[in-house]
Amino acid sequence: DPYCLAVKGHSLLYKDPERGLHYLDLAASKFDLPEAQFYLGDYYMNPSFGKPEYKTALKWLLKAASKNDLRSLHQLGYCYLNGLGVAIDKAKAVELFQTVKTLGYAYIEKYPHNARAYEPLMQSLSLLGEKQKAIEVGRLGFKNFPNKFAIVSSYTELLSLAGETQEAFDIALEFFNNSKNPSI
């Protein structure tokens, strides 16, 4: 199963990067799986794994984005906004964030109990200056996925930035008190 290859590869990146990359590359190349392509792009952008390799990262992110992978579209927008591996192009960044907004809302409406769209949608809305809408998406994401670290982390960050520090603290505390096995 290509998806299992991607999940296994992603889970191995910190423990055994060589094997993790092998599984991800197989799922991304042979099976053209956007999740694996995103994970590879994210890996090569991440300084935790050494010096970022932007050219390789962008190759994988572009492949996944061509299939409307929201995380890849958001990450590409972030690259254009900050000049990571590409020339700064704020108009292109806004276009990509708008695409995430459009596709993200449609995805959440169709699949409200699938966590995939919440985090990139929150982040894109925030970068578009739509902080209140980002918080609303975060609130819905937290309601549906109270143990999903990526959603809770993005949501509490948005609340903190909006000055809602007590609510952010309460949510973070609830998450850590109730999450014996939080999911990333």
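The present account deals with the structure reproduced in this document. (Residues numbered from 1 in each chain as written. Predicted model: local features only at pLDDT ≥ 70, side-chain atom pairs only at ≥ 80, totals over all residues. Heavy atoms only, no water.)

## Quick notes on the overall build of the protein
- Secondary structure summary: the protein contains 10 helices and 0 strands in total.
- Listing every helix and strand of the protein by position from the N terminus yields α-α-α-α-α-α-α-α-α-α.
- Along the longest, intermediate and shortest principal axes, the C-alpha atoms of the protein span 45 × 40 × 35 Å.
- Per-residue burial over the protein gives 43% buried out of 184 residues.
- The contacts in the protein between residues at least 6 apart in sequence include a share of 47% that link residues at least 24 apart.
- Of the roughly 10,100 Å² that the protein leaves accessible, carbon and sulfur atoms contribute 54%.
- Counting 21 positive and 20 negative side-chain charges, the protein places the centres of these two groups 4 Å from one another. (Helix = DSSP H or I, 4+ residues; strand = E, 2+ residues; numbered from the N terminus. Buried < 20%, exposed > 50% of the residue type's maximum accessible area, 1.4 Å probe, protein only. Contact = heavy atoms within 4.5 Å. Areas by Shrake-Rupley, 256 points an atom, 1.4 Å probe, with all protein chains shown as cover. Lys, Arg positive; Asp, Glu negative; His and termini not counted. Charge placed at Lys NZ, Arg CZ, Asp CG, Glu CD.)

## Notes on the nonpolar core
- Leu24, Ala36, Leu40, Tyr44, Val137 and Tyr155 are the most contacted members of the largest nonpolar core, which totals 52 residues.
- When residues in this core are grouped by element, the largest group, 7 residues, is from helix α3 (residues 34-45).
- Sequence-distant contacts of Leu24, that is, excluding residues within four places in its chain, are made with Ala6, Gly9, His10, Leu13, Ala36, Tyr39 and Leu40. (Core = buried A, V, L, I, M, F, W, Y, C linked by side-chain atoms within 4.5 Å.)

## Overview of the packing of helix α4 (residues 54-65) against helix α5 (residues 70-82)
- Between α4 and α5, the shortest axis-to-axis distance is 8 Å and the interhelical angle comes to 135°. Taken together, the axes of α4 and α5 are oblique relative to one another. The crossing of α4 and α5 is left-handed. Residues Leu58, Leu61, Leu62, Ala64 and Ala65 of α4 form the contact with α5, whose participating residues are Ser72, Leu73, Gln75, Leu76 and Cys79.
- Along the lines of polarity and charge, the residues of the contact of α4 with α5 split into 8 nonpolar, 2 polar and no charged. (Axes fitted to C-alpha atoms, helices over the stretch in contact; angles between N-to-C directions. Parallel < 35°, antiparallel > 145°, perpendicular 65-115°, else oblique. Left-handed = near helix turned anticlockwise from the far one by under 90°. Nonpolar A, V, L, I, M, F, W, Y, C, P; charged D, E, K, R; others polar.)

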